[in-house]
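Structural description and commentary
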Amino acid sequence: SQAVQWCNARSEWDGLTPCYYPSSDRTNVLRTADPRMISNACVRWYANGWRLPTEAEWEKSARGGLKGIRFPWGDTITHSNANYNSLYPSEDMPYDLGPYSGTDTNVTGYSSPWAGFTRNGYGLIDMAGNAGEWCWDFYSTNWYSQAGATNMDTRGPVASDFEYKRVQRNAPWYDWGANMRVSARRFGNTPGTVEAFRTVRQF
């Protein structure tokens, strides 16, 4: 809710056309209404203002131009790549090379400063680890496995499988390597479990 309202406020501050509106007629800019209810029809998708990325936009950005890889840089992860939790060696995650902490924390024990890790192929930082991030889409469990998925609307489903829950991509510093994969997805429960958001613009 606050992230969507922030996007509109930033757009107006920058002299751009806001993207979010409380109804599908898209006449009154959303400033105070609760946006958990607004739909894709309430978004000016081609406005030049700031908005949350769709889940598809987020994943394409995270991959940084690479295809068929687990992480923005390749197929294995260590603490030199990202801020995340390596609790213990796992046969289920042979791609997590540690080092292993042995306790339920990562090596640092807290979120890291911005720009502490290598940029991906698009120049983006922390697309794996450090903070979970909001995306625009309502969360649907089987959205990407439905028939005809390659041709489906990349703005996401019209409703969530879990009330009004939206997609979270990436994972916070205290989460493990499997959830740092660029394909990993979940729904955000509360603002306390999603610490960040990125914004995109139409040029």
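The coordinates are above.
Presented here is a report on the structure given in the accompanying data block.

Analysis parameters
Residues numbered from 1 in each chain as written. Predicted model: local features only at pLDDT ≥ 70, side-chain atom pairs only at ≥ 80, totals over all residues. Heavy atoms only, no water. Salt bridge = Lys/Arg side-chain N within 4 Å of Asp/Glu carboxyl O. Helix = DSSP H or I, 4+ residues; strand = E, 2+ residues; numbered from the N terminus. Buried < 20%, exposed > 50% of the residue type's maximum accessible area, 1.4 Å probe, protein only. Pairing = 2+ DSSP bridges.

**Some words on the pattern of salt bridges**
Across all of its chains, the model carries nine salt bridges by this definition. Glutamate 59 is paired through a salt bridge with arginine 63; the nearest N and O atoms lie 3.0 Å apart. Remark: arginine 63 and glutamate 59 occur in helix 2 (residues 55-63); sequence separation between them is four residues, near one turn of the helix. For glutamate 59, a relative accessible area of 18% gives the class buried. We classify arginine 63 as buried; its relative accessible area is 17%. Here arginine 169 and glutamate 59 are joined by a salt bridge, their closest N and O atoms 2.8 Å apart. Taken together, the positions of arginine 169 in strand 3 (residues 166-169) and glutamate 59 in helix 2 put the pair 110 residues apart, joining distant regions of the chain. Since its relative accessible area comes to 1%, arginine 169 is described here as buried. Salt bridges here are not isolated pairs; linked through shared partners, they connect Glu55, Glu59, Arg63, Arg169 and Arg185.

**Examining the pairing of strand 2 (residues 133-138)**
The buried fraction of strand 2 is high, at six of six residues. Sheet topology places strand 2 next to strand 3; three bridges connect them, and they run antiparallel. Each bridged residue has a counterpart across the sheet, and for phenylalanine 138 the counterpart in strand 3 is arginine 166. Summarising the sheet, strand 2 and strand 5 (residues 196-197) pair through two bridges and their orientation is parallel.

It is worth stressing that arrangement in space is one thing and function is another; only the former is reported here.
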